4 protein chains.
Amino acid sequence: MHAKVKKAVLAYSGGLDTSVILKWLQEAYGCEVVTFTADLGQGEELEPARKKALLLGIKPENIFIEDVREEFVRDFVFPMFRANALYEGQYLLGTSIARPLIAKHQIEIARKTGADAVAHGATGKGNDQVRFELGYYALEPGIKVIAPWREWDLTSRTKLIEFAEKHQIPIAKDKRGDAPFSVDANLLHSSSEGKVLEDPWAEPDEMVYQRTISPEAAPDKATYIEVEFEKGDAVAIDGKRLSPATLLTKLNELGKANGIGRLDLVENRFVGMKSRGVYETPGGTILHAAHRGIESLTLDRGAAHLKDEIMPRYAEMIYNGFWFSPEREMLQALIDKSQENVTGTVRLKLYKGNTAVVGRKSPKSLYSLQHVTFEEDAGAYDQRDAAGFIKLNALRLRLLKKGRG
Amino acid sequence: MHAKVKKAVLAYSGGLDTSVILKWLQEAYGCEVVTFTADLGQGEELEPARKKALLLGIKPENIFIEDVREEFVRDFVFPMFRANALYEGQYLLGTSIARPLIAKHQIEIARKTGADAVAHGATGKGNDQVRFELGYYALEPGIKVIAPWREWDLTSRTKLIEFAEKHQIPIAKDKRGDAPFSVDANLLHSSSEGKVLEDPWAEPDEMVYQRTISPEAAPDKATYIEVEFEKGDAVAIDGKRLSPATLLTKLNELGKANGIGRLDLVENRFVGMKSRGVYETPGGTILHAAHRGIESLTLDRGAAHLKDEIMPRYAEMIYNGFWFSPEREMLQALIDKSQENVTGTVRLKLYKGNTAVVGRKSPKSLYSLQHVTFEEDAGAYDQRDAAGFIKLNALRLRLLKKGRG
Amino acid sequence: MHAKVKKAVLAYSGGLDTSVILKWLQEAYGCEVVTFTADLGQGEELEPARKKALLLGIKPENIFIEDVREEFVRDFVFPMFRANALYEGQYLLGTSIARPLIAKHQIEIARKTGADAVAHGATGKGNDQVRFELGYYALEPGIKVIAPWREWDLTSRTKLIEFAEKHQIPIAKDKRGDAPFSVDANLLHSSSEGKVLEDPWAEPDEMVYQRTISPEAAPDKATYIEVEFEKGDAVAIDGKRLSPATLLTKLNELGKANGIGRLDLVENRFVGMKSRGVYETPGGTILHAAHRGIESLTLDRGAAHLKDEIMPRYAEMIYNGFWFSPEREMLQALIDKSQENVTGTVRLKLYKGNTAVVGRKSPKSLYSLQHVTFEEDAGAYDQRDAAGFIKLNALRLRLLKKGRG
Amino acid sequence: MHAKVKKAVLAYSGGLDTSVILKWLQEAYGCEVVTFTADLGQGEELEPARKKALLLGIKPENIFIEDVREEFVRDFVFPMFRANALYEGQYLLGTSIARPLIAKHQIEIARKTGADAVAHGATGKGNDQVRFELGYYALEPGIKVIAPWREWDLTSRTKLIEFAEKHQIPIAKDKRGDAPFSVDANLLHSSSEGKVLEDPWAEPDEMVYQRTISPEAAPDKATYIEVEFEKGDAVAIDGKRLSPATLLTKLNELGKANGIGRLDLVENRFVGMKSRGVYETPGGTILHAAHRGIESLTLDRGAAHLKDEIMPRYAEMIYNGFWFSPEREMLQALIDKSQENVTGTVRLKLYKGNTAVVGRKSPKSLYSLQHVTFEEDAGAYDQRDAAGFIKLNALRLRLLKKGRG
């Protein structure tokens, strides 16, 4: 009944669900399983995943554990932030942007180990299955894809637990019952959805939040920071140069401490229904504001407006899982071209949930005090030029009104 | 030297600058002056303007004073908010949206009084001159336009004061010296710019803010409100129906009290240079968030994404002064079409500068618990459909990879 | 194995394929079949379809035959032509635009007859299945959809013929063998694809063309016509008012006679692969040119450019089958808004495959000889205005160069 | 009255008008004049321009004559054709694309010769002044710009001739009277406008056309050619590799001989009015069709549709004169990124005004016969996938209909 599979690379977290998948793959497909466990900054130890994989019969040479945090921020998060990407005007795409990276590594491991299939633990109702699989197919068009949640009959928590018990998969005590909601996390954000969060009229309980303290609990005094950018990417905080992942980690700490980055959203999934998510993106929220701040000083209007107009499309591509697509790469070429002089420093005030840009400076600044000043400008700008400018901009409107009466 | 003008309708605030313009028009153009003073919610009494106009020799029948607050919110602010318009990702367009209304009234008064010209007090470096004049020309293509700041030689504060004194224009004590910055205000927002604000690296002083208390000064306890929408427009707060202007006034109070709506921005002017503005839009900030909230539940994805994609262009049109243009009206038709079912209630938490949507409900809700739930869904959604969905979305990417290797 | 179906409305042409489907529905689903046969201008008699349906056991009250040509042109073709819609820069969407109309009628008949299902004869590789089914679902979300080509095992011509013979379905002699290519036709166009056309390097044989004579065979003398428009729709040819379908029929004759409207195209299907189609749209090609011609005189630049920018998206929506979607309706609102003054007459020269606009006039013309003339213009246009216009358009570019060196 | 100018670089054709400008610059500005005469393929000898410049007192070292045809096609025409750029759906931008090249050379010569000003012969009503001057300012923000037609009082042909006679400027016999229309030409196209062409209802006389014979006069037998592309640029015709300018020259010959490339257009100028132009772009018309042809086979759908959507904006930028702008360069980066595999051969049929793509092949072809075929496809495509694809694409539409009834 199942397609013939020889060896499958599983995106493996070490948790109960992917452990059940691991066993189920061995059983249902009779295939060798290779596990890939990535440190994306989700805040969990990875070594337990290795132990568990060994315990479930995976050969040591088939266990791949990698710290991909720097790659994640440098090659995925930063390029996306150059675009000021927001899905549906608000969502910083924290989950979406991690999927292509995982897919890429799974495919690389499949090539290395001669695997003919890849598998993931995303459900059949969500966006993540799409993101994983479009990534797989784009990079390796002939790969077989296994999505257990769409295939098996372990359709309830009870059946899953039974399967785990039957196959002697260890079950943490707190995993026996249903979680009150589902969580995904990486260095950029954590998301919570499902179950207690499914009523969009009900305010999420404080216990939902994992990455941020509440604005109410944050300090009564503002924190000021300076973020330095080079060619569109953040490179330093308060004068200290940091690697991409270290910098984002630092921004996460600052955001968390100041109650920054919470979002309660009803969004449109690619698969067609609306869902409600609660997102926490402390560092990303600061980074987004800071990037807009430095662009405001260094991007020409034509460049800035073009970027703003293509942004929703770019964000949609990432949300829908088309990171590895020609159209995303074309937009990225456009965006990266615009960032050549997005260099300088932004000063921000962080206070109880607020991230306010309060200063920006740049060696590449396009702000001309001489032109804008209310004071005498020594002829930099001839106000009479404005008359002609307006007259010709108005000409077509005047002809229109004349022609139509 | 000046064009021949018989009668000019001046946008008259009653302040020193427009009083000087009034006198200068009489003198330089030798024309009759008609004054138009509007209550746009800027928070100033209008009757002193009448007195002053009389004092400066304007005939009573040439003095027009109107309360246009309801028209402003109903016909300009609300249509714009249906689009979630943000200029350069951040600015709620508080000044921009008031200009076409003023232009429209000036033209109507010109027709009523047989005037052949209109005049405004905007400078030659800013956007407002463009917005006024494009409005004038679009509505009355043959009108003569007088922009004194681009024409006269009163190029310093000293010369202006001298002219005022010479013509016995009353000068308030605090107007003798230069203001530390320039202010524009209406029911939607107040803006401050120039002088002490011209250094984009320097944080604005607290004294700049006029419409909001600081987040720090706001209450330590959150305020919860419910905003009700019908066809995209807000109609009630906490169950109480309010007229457009009354509703925005109420939101302004709520925003002000909770330190909401401040924005410190470097923006790109239509006339070509960058400028720094400090904006306060307390009620508008809440309204914007609430509108996005109700749309998240009631707008279909196709509609929502199309709106998001055209929004930057729409905002740019308003910022640049093209309110009365076919392209703005075309986009408005598209936007209004989308709002037919944007009806329901949004719950917001206002707290020290934060505006968070924490609940939304609607009789027109498109959120289907049955489809999104993690629980058993009784067949509403067949997860196997996702496999085909992904396969065909992936097909072109697979062919691409195969073709290119 | 098959879903339970009580009664199904089949889009029935009377040809062999849909007759086989008819029988197969009765057999595989054991359901009552209702047939819908539409005259879309495909150039076939409809009464034979009635006879054949009766012969195949369809009750008279279950046979629906309708002449929908006027509806087709008025409510589908004309709205689309207002947008100057071209898919991938070239294709006039002749097949795509007919599908939603058929879907709409099938759903209406399903409601009338109490049917719980609809069925169509499109294959599983093409766009038409998508267009039909998105239409069905958008109009009647609970309807069951049967797509025999995706379900049955009649996967070769031989099996199909066997099935037909077994069920005593009459087979025209020329249908026994495989057709050399597949054809779809309606009043707007005819398309040919598949088989002998599958090699994109090979020029289509002359025998492929059905709606047009070749440019070589067309008269050596040009035909001149005048097409009159009102609010964006063509209403008369050479001064004679015609109904929508009659007008398009007349343009088809003119186009055919002059070898106009052939297109040999490799296009991207929504389902993910490329295909090669040969299209003939004689009247549509002339109508498209004429509509652009009248717009060139009557549309303001802002309106025209906005239309041009959204057009590819609009065309894509129709190609992909999203006619009945909020986003298409929103774009239609925008487009229709622009057409209020697209009124006037276009003169065209038709000659051996060429359609050239050679004249346009309109009571709503925005062309101002006074402004554009090389002659003295009596002050309509002050050339000095251009200096200011250019200076301010250049300002940001100058600041950019200065800032960057 | 005139700005102080030391030395001005004039775009000099050697014709009467620019000779008058040359003299007028010397007289009105009292400045040294440097002439720049370019061979853009306009079809005129350049040496007479040198002689005339010498005669008018220009120093030999101040006379610059350059053959820029290869640069023109390689660096301006080809990049633009990669975008399939059409202004207002039809115009191939033949005049627009030449202006930035001329501006660039003038600025380079200004730097070389220490000139502080540049001058051009475009009128104050057209687009060319904008294109020249935006180019000047973008490349050299401090340059002084002289536009004699906006400044002087030689506002009639008579005055111009008088000035020429007074200054002993040679006047060709046929230049004494007014030309019946105005012409611009380069290797890409020739344009005619003004005077006898100003009535948009009147068909242009055959004598207007200079670059093409009429379709009627073209051979009765079609010409077939093959154009080969590499990375989006044409590199060979009928197997013979040609340099960019040589290739375009060859296409021009082919187009001319077959009556290809005429366009009679009413267009919207950037300065606000409509104008009527008659364009001849024989080679460009073929190149445009051929490029679309090769893209149809080698561009992925995502890439192709994104290109189509941004194209109108890109064309508008070039038409309006913003070649040297960040936004054009950003779009170019996007476009060029898409062209990496636009390689292969297109076969075209040229016949009496028609350019038809009749074949395309490519080593990078994305056309998969296996996927598209009506024949058995050996499992390349599973038709059942289409069901899921449609179901999930339909889901939001079904929820919408259910929610709204």
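All values reported here derive from a predicted model rather than from experimental measurement.

### Brief notes about the sheet that holds strand β1 (residues 7-11) of chain D
All names here are of chain D.
Turning to step 1, where the next piece is worked out: Read from one edge to the other, the open sheet built from five strands follows the order β3-β2-β1-β4-β5, with strand pairing classed as parallel. On the outer flanks of this sheet lie β3 (63-67) and β5 (144-146), each paired with one strand and no other. Going from strand to strand, the sheet's axes swing by 20° on average, the running direction of each strand aside.
Turning to step 2, where the next piece is worked out: In terms of strand pairing, strand β2 (residues 32-39) meets β3 through five bridges, oriented parallel. The residue bridging Ala-38 from the neighbouring strand is Glu-66, located in β3.
Turning to step 3, where the next piece is worked out: Seen against the sheet, helix α4 (residues 99-113) touches β1, β2, β3 and β4 (117-119) and runs at an angle of roughly 155° to β1.

### Considering the interface of chain D and chain A
Turning to step 1, where the next piece is worked out: On the side of chain A, 23 residues touch chain D, which itself brings 23 residues to the contact.
Turning to step 2, where the next piece is worked out: Here chain D packs against chain A, burying approximately 2000 Å² in sum over the two surfaces, 72% of which is carbon and sulfur.
Turning to step 3, where the next piece is worked out: Joining chain D to chain A, the criterion identifies two salt bridges.
Turning to step 4, where the next piece is worked out: Here Glu-309 of chain A ties to Arg-313 of chain D by a salt bridge, and the two come within 2.3 Å at their closest N and O atoms.
Turning to step 5, where the next piece is worked out: For the interface between chain D and chain A, the tally reads two residue pairs in polar contact (both at pLDDT 80 or more).
Turning to step 6, where the next piece is worked out: For the side of chain D that touches chain A, the leading source of residues is helix α11 (residues 326-338) of chain D, giving nine residues.

### A closer look at the domain arrangement of chain A
A common way to express how large an interface is: the accessible area buried when the components associate.
Residues and elements named next belong to chain A.
Turning to step 1, where the next piece is worked out: Per the domain assignment, the segments making up chain A are domain 1 (7-69 + 96-178) and domain 2 (184-299 + 341-361).
Turning to step 2, where the next piece is worked out: Domain 1 and domain 2 are separated by 29 Å when their C-alpha centres are compared.
Turning to step 3, where the next piece is worked out: Across the boundary between the two partners, domain 1 contributes 13 residues, which contact 13 residues of domain 2.
Turning to step 4, where the next piece is worked out: Buried surface at the junction of domain 1 and domain 2, summed over both partners, amounts to about 970 Å²; 56% is from carbon and sulfur atoms.
Turning to step 5, where the next piece is worked out: Put simply, domain 1 and domain 2 have five residue pairs in polar contact (both at pLDDT 80 or more) between them.
Turning to step 6, where the next piece is worked out: Going through the elements one at a time, α4 (98-113) and α5 (128-139) are the ones with two or more residues in the side of domain 1 that touches domain 2.
Turning to step 7, where the next piece is worked out: Taken together, the residues that form the side of domain 1 that touches domain 2 break down as four nonpolar, five polar and four charged.

### Here's the deal with the interface of chain A and chain B
Turning to step 1, where the next piece is worked out: Across the contact, 101 residues belong to chain A and 102 residues belong to chain B.
Turning to step 2, where the next piece is worked out: In total, about 9200 Å² of surface goes out of reach between chain A and chain B, with carbon and sulfur atoms giving 57% of it.
Turning to step 3, where the next piece is worked out: Taken together, chain A and chain B are joined by ten salt bridges.
Turning to step 4, where the next piece is worked out: There are 40 residue pairs in polar contact (both at pLDDT 80 or more) connecting chain A and chain B.

### A closer look at the relation of the copies chain D and chain A
Turning to step 1, where the next piece is worked out: For the pair chain D and chain A, the relating rotation is 180°, the translation along its axis is 0.0 Å, and the fit reaches an RMSD of 0.0 Å. Such a combination of turn and shift is consistent with a two-fold rotation axis. Measuring from the rotation axis to each C-alpha of chain D, the shortest distance belongs to Leu-334 of chain D, at 2.5 Å.
Turning to step 2, where the next piece is worked out: In this assembly the copies share their binding face: 100% of the residues contributing to the interface of chain D also contribute to that of chain A.

### Overview of helix α8 (residues 244-257) of chain C
One full turn of an α-helix is made of 3.6 residues, so residues set three or four places apart face in the same direction.
All names here are of chain C.
Turning to step 1, where the next piece is worked out: Its 14 residues give α8 an end-to-end C-alpha distance of 20 Å, which sits within 8% of 20 Å, the value for a rise of 1.5 Å per residue.
Turning to step 2, where the next piece is worked out: Among all positions of α8, only Pro-244, Ala-245, Leu-247, Leu-248, Leu-251, Asn-252, Leu-254 and Gly-255 are buried.
Turning to step 3, where the next piece is worked out: Against α3 (69-82), β8 (223-230), β9 (233-237), α9 (282-298) and β13 (344-351) lie the buried residues of α8.
Turning to step 4, where the next piece is worked out: Positive phi shows up at Gly-259, right after α8, with a value of about 70°.

Here is what the cut-offs are and how they apply
Residues numbered from 1 in each chain as written. Chains lettered and ligands numbered in written order. Predicted model: local features only at pLDDT ≥ 70, side-chain atom pairs only at ≥ 80, totals over all residues. Heavy atoms only, no water. Pairing = 2+ DSSP bridges. Helix = DSSP H or I, 4+ residues; strand = E, 2+ residues; numbered from the N terminus. Axes fitted to C-alpha atoms, helices over the stretch in contact; angles between N-to-C directions. Contact = heavy atoms within 4.5 Å. Buried area = accessible area lost by both parts, 1.4 Å probe. Salt bridge = Lys/Arg side-chain N within 4 Å of Asp/Glu carboxyl O. Polar contact = N/O pair within 3.5 Å; in protein donor to acceptor, adjacent residues only side chain to side chain. Domains from an automatic or database assignment. Nonpolar A, V, L, I, M, F, W, Y, C, P; charged D, E, K, R; others polar. Least-squares fit on C-alpha atoms with pLDDT ≥ 70 in both. Expected span 1.5 Å × (residues − 1). Buried < 20%, exposed > 50% of the residue type's maximum accessible area, 1.4 Å probe, protein only.

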